[in-house]
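# Summary of structural features
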2 protein chains.
Amino acid sequence: MANGEEMATIADVARAAGVSRSTVSYALSGKRAVSPDTLSRVRRAVRDLGYTPHAGAQALALARTGVIGLMLPVDHADAAPAVTRYVAPISAAARRLGYDLLLVTDIDGPSALRRVTESGRVDGLVLLDVTQDDPRLPALRAAERPAVLIGLPRDVEGLDVVDLDFRVAAEMVVDHLAALGHRRVTLVTPAREVFARGAGHAWRFRSSCLARARTRGLRLYPHFAAARQADTGHVLDAVLRTHPDATALVLHDDRSVAALPAVLHERAMRVPGDLSVVGLHRGGGDGPPPYTAVDASPLELGGLAVRRLVSRMTAAPDAEPVGVTLLRPHLTDRASTA
Amino acid sequence: MANGEEMATIADVARAAGVSRSTVSYALSGKRAVSPDTLSRVRRAVRDLGYTPHAGAQALALARTGVIGLMLPVDHADAAPAVTRYVAPISAAARRLGYDLLLVTDIDGPSALRRVTESGRVDGLVLLDVTQDDPRLPALRAAERPAVLIGLPRDVEGLDVVDLDFRVAAEMVVDHLAALGHRRVTLVTPAREVFARGAGHAWRFRSSCLARARTRGLRLYPHFAAARQADTGHVLDAVLRTHPDATALVLHDDRSVAALPAVLHERAMRVPGDLSVVGLHRGGGDGPPPYTAVDASPLELGGLAVRRLVSRMTAAPDAEPVGVTLLRPHLTDRASTA
DNA sequence: CTGAAAGCGCTTACAG
DNA sequence: CTGAAAGCGCTTACAG
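Just so it is clear, the model here is predicted, and its values are computed rather than measured.

## Looking at the overall build of chain A
- Within chain A one finds 13 helices and 12 strands.
- In terms of overall dimensions, chain A is more spread out than a globule: its C-alpha atoms have a radius of gyration of 26 Å, far above the 20 Å expected for 338 residues.
- Across its three principal directions, the C-alpha atoms of chain A cover 85 × 40 × 35 Å.
- Buried residues in chain A amount to 47% of all 338 residues.
- A fraction of 71% describes how many contacts in chain A between residues 6 or more apart in sequence connect residues 24 or more apart.

## Considering the protein's contact with DNA strand C
- Looking at DNA strand C, there are 27 residues lining it, with Ser22 and Ala33 of chain A together with Ile10, Ser22 and Ser25 of chain B nearest.
- The set of elements that each furnish at least two residues to the surface near DNA strand C consists of α2 (21–29) and α4 (55–62) of chain A together with α2 (21–29) and α4 (55–62) of chain B.
- Looking at the surface near DNA strand C residue by residue, the class counts come to 12 nonpolar, 11 polar and four charged.

## Quick notes on the interface of chain B and chain A
- Taken together, the contact pairs 42 residues of chain B with 42 residues of chain A.
- Looking at the side of chain B that touches chain A, the elements that each hand over two or more residues are α4, α5 (80–96), β2 (100–105), α6 (111–118) and α12 (254–266) of chain B.
- In terms of residues, the side of chain B that touches chain A owes the most to one element, α5 of chain B, which gives six residues.
- In this sheet, β2 of chain B lies alongside strand β2 (residues 100–105) of chain A in antiparallel orientation, the contact comprising three bridges. Bridge pairing in β2 of chain B places Leu103 of chain A opposite Leu101 of chain B.

## Digging into the domain arrangement of chain A
- Each domain of chain A was delimited in the assignment, giving domain 1 (10–53), domain 2 (67–164 + 299–328) and domain 3 (166–296).
- Computed over C-alpha atoms only, the centres of domain 1 of chain A and domain 2 of chain A are separated by 36 Å.

## Thoughts on the relation of the copies chain B and chain A
- Each copy of the sequence occupies a distinct position, and chain B is placed on chain A by a rotation of 180 degrees and an axial shift of 0.0 Å, giving an RMSD of 0.1 Å. The superposition of one copy onto the other is thereby described by a two-fold rotation axis.
- Both copies share a contact surface, since 100% of the interface residues of chain B are interface residues in chain A too.

## Comments concerning the nonpolar core
- Leu70 and Val126 of chain A together with Leu70 and Val126 of chain B are the most contacted members of the largest nonpolar core, which totals 171 residues.
- Once you skip the residues sitting within four places of it in the chain, Val126 of chain A turns out to touch Ile68, Leu70, Met71, Ile90, Val148, Ile150, Ala305, Val306 and Leu309 of chain A.

## Digging into the protein's contact with DNA strand D
- Near DNA strand D, the surroundings consist of 27 residues, among which Ile10, Ser22 and Ser25 of chain A together with Ser22 and Ala33 of chain B are the closest.
- Partitioned by chemical class, the residues of the surface near DNA strand D number 12 nonpolar, 11 polar and four charged.

## Considering the pairing of β2 of chain A
Residues and elements named next belong to chain A.
- Burial of β2 is extensive: five of the six residues sit out of reach of the surface.
- Relative to β2, strand β1 (residues 67–72) runs parallel, the two being bridged by six bridges. Each bridged residue has a counterpart across the sheet, and for Ile68 the counterpart in β2 is Leu101.

## Comments concerning helix α11 (residues 232–242) of chain B
- Burial in α11 of chain B covers these residues: Thr232, Gly233, Val235, Leu236, Val239 and Leu240 of chain B. Seen end-on, α11 of chain B carries its buried residues on one side only, within an arc spanning 165 degrees. Residues of α11 of chain B that are exposed and angled more than 90 degrees away from the buried face: Arg241 and Thr242 of chain B.
- In this fold, the buried residues of α11 of chain B make contact with α12 (254–266) of chain A together with β6 (184–189), β7 (219–224) and α12 of chain B.

## Topic: the sheet that holds strand β3 (residues 124–127) of chain A
- The strand order β11(A)-β5(A)-β4(A)-β3(A)-β1(A)-β2(A)-β2(B)-β1(B)-β3(B)-β4(B)-β5(B)-β11(B) describes an open sheet built from 12 strands, whose pairing is mixed. Each end of this open sheet is capped by a strand with a single partner; those strands are β11 (324–327) of chain A together with β11 (324–327) of chain B. Mean inter-strand twist for the sheet, computed between neighbouring axes without regard to direction, equals 25 degrees.
- With four bridges connecting them, strand β1 (residues 67–72) of chain B and strand β3 (residues 124–127) of chain B associate as parallel partners. Paired with Ile68 of chain B across the strands is Gly124 of chain B, a residue of β3 of chain B.
- Across the sheet, helix α13 (residues 298–314) of chain A is in contact with β1, β3, β4 (147–150), β5 (161–164) and β11 of chain A; its angle to β3 of chain A comes to roughly 155 degrees.

## Points about helix α8 (residues 166–179) of chain A
Residues and elements named next belong to chain A.
- Helix length check: α8, at 14 residues, gives a terminal C-alpha distance of 20 Å against a target of 20 Å (1.5 Å per residue), a fit within 8%.
- At its buried positions, α8 is contacted by β5, β6 (184–189), α10 (200–216), β8 (248–251), β9 (276–281) and β10 (292–295).
- The positive-phi residue at the C-terminal boundary of α8 is Gly181, with phi of around 95 degrees.

## Some remarks on the packing of helix α1 (residues 10–17) of chain B against α2 of chain B
All names here are of chain B.
- At a closest axis distance of 8 Å, the pairing of α1 and α2 adopts a crossing angle of 100 degrees. One finds that α1 runs roughly perpendicular with respect to α2. For the pair α1 and α2, contact is made by Ile10, Ala11, Val13, Ala14 and Ala17 and by Arg21, Val24 and Ser25, respectively.
- A breakdown of the residues in the contact of α1 with α2 according to their chemical character gives six nonpolar, one polar and one charged.

## Some words on the environment of Thr117 of chain B
Residues and elements named next belong to chain B.
- Inspection of the secondary structure puts Thr117 in helix α6.
- When the C-alpha positions of Thr117 and Val310 are compared, they lie 16 Å apart, and in sequence the two are 193 residues distant.
- Setting aside anything within four residues of it in sequence, one finds Thr117 in contact with Val122, Ala143 and Arg145.

## What about unusual backbone geometry?
- In this chain, Val271 of chain A is followed by Pro272 of chain A through a cis amide linkage whose omega measures 5 degrees.
- Inspection of the secondary structure assignment puts Pro272 of chain A in the loop between α12 and β9.
- In the Ramachandran plot, Asp129 of chain B falls in the positive-phi region, its phi being about 55 degrees despite a non-glycine side chain.
- Structurally, the position occupied by Asp129 of chain B is in the loop between β3 and α7 (137–143).
- The backbone phi angle of Glu144 of chain B is positive, close to 55 degrees, even though this residue is not glycine.

Reading the values: the criteria
Residues numbered from 1 in each chain as written. Chains lettered and ligands numbered in written order. Predicted model: local features only at pLDDT ≥ 70, side-chain atom pairs only at ≥ 80, totals over all residues. Helix = DSSP H or I, 4+ residues; strand = E, 2+ residues; numbered from the N terminus. Rg over C-alpha atoms; globule rule 2.2 N^0.38 Å. Buried ≥ 20, exposed ≤ 12 C-beta atoms within 10 Å, placed from the backbone. Contact = placed C-beta atoms within 7 Å. Near = placed C-beta within 6 Å. Nonpolar A, V, L, I, M, F, W, Y, C, P; charged D, E, K, R; others polar. Pairing = 2+ DSSP bridges. Domains from an automatic or database assignment. Least-squares fit on C-alpha atoms with pLDDT ≥ 70 in both. Core = buried A, V, L, I, M, F, W, Y, C linked by C-beta atoms within 7 Å. Arc of directions from axis to C-beta. Axes fitted to C-alpha atoms, helices over the stretch in contact; angles between N-to-C directions. Expected span 1.5 Å × (residues − 1). Parallel < 35°, antiparallel > 145°, perpendicular 65-115°, else oblique.

Structure below.
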């Protein structure tokens, strides 16, 4: 009975339940009181027929789709791993609030954004990996759709943004090391290319580390991580070699975190005996690294982004954006510093 | 002019162009001849008003959405990196054919599949990382929607499947090494967990390697890769130590491929002088590894999956599925074998 | 507590 | 070559 040739419509349900189509609609939406008897007959018919409302018809009548657009930058491979971590949490959060996710890659440029908003395919957008002067932003502002960015652009006028507070993260890390008595610290930032494409987290974390180090009176040696996976270990090794006086190492690069154990092993260095290590953990992978780290939880950030987006989508259309929310990071001590 | 309060409708375009709504529709779809003069007036009005057809209305009228569902398994973290590689190619292929992608994670079980098909949100589905007894398959068969699987299940009755031919891949690898005179070969397969969850490629590649090795009269030592990223190097090192007599190494595990250079470096082993190496390259990352490899191109596979799906979606609804297509792998010699 | 009917924005036979 | 009208499957004032 459930699977005839064609999908059941609300008219089929109405007929089976012996009521009008409007009553079926109200019974299902709960927007009007319905007698208990009617309600149960409708529910039964829905079950028997395997009825599911047609999404297109609903979108047309309600002027809302129940779909969130998730816009990923697809052009730079180095963003891929970081991006991946956000997809599952965002998807889960969206489902929990009753939304589906449309994947929008900017493969055909910022016009992809226009396409999905103007055709009414999505009610709102989450933009991932937003850079300081992100080329998608002009199209986004023009679209006038609710949107939440993950990643802090330079100009946040009229935008909703959530991100980790990398300035505070930097201060926590530097303060933590300073308190332990370290005076010379090596910093491995993301690759030069990541800065070049304007990734705000790279710029903010590095400059805040440098500023805080100055304040705290310690010396910081910043270096770029390798651009290619294959060179990560070599570069890391060379950096360590360059600063034999440094007693601590700060890593703001996933691959370097992963490559560090092998490099240290080869150089017969112990943590934290010979070197204190602090990482920046972006979640995902095989759980946290064995290092004291500032944990940047994509779960938390993605969930927040979706909840904020949904509240914007359901708010009055002329409501003001919430603005910028920078999540306070947590430093988790995993005994890799001394 | 482009951005009034509300989106322009086909009626607005008709009014501006001085024609009927049907004429606008036909002018845009090309399904009926339209005079050159009318055509240009319609086009102009479309441009001036920034008109885009409402997707929901179109879905309702046409009984098609222009959306493909991309179903990823979200439950096992180890599938994530492999899966990631497919998303961009599939998205690109879909866009090229005029389709958008709805992300469907089976976070709420196989019912997610029912939800998106029954509500008419998608015209068809691509299922990623299909296992031998994939729990999504019953729901898929019941849904009676066009679908293409990437990954070969045990029972392929009535299904469309594309995958790499791992049997042939195994034979190519073994034959290649046999021809070079190797007699003892170590094989690092994916982690035990990957087999446990029924990943067909792991089972097929290993068993075909073993079978072919027997035929070719060479000895094959199979080992599981580490389950956790952090242990990859250690496990690899231990495996090499276990078989000092092996003159060649076959890697069917991404992480092991990535970790190998460091391990060999530490043991002061040269490729191919001390050890011949053949990998299985799944694409993505930072380009191919420096090893002779069977290249499994997600680009090719994802593109094929989408094209096949689209051809099924546009075929007669009672057309037979194409069936199983196993892509012939290419072995790319990168001089890591001797 | 319920129903008949208009309307959301498209497409497409039907008629000319 | 073009238009008026029905229909896709919903929701929701309006009326009772």
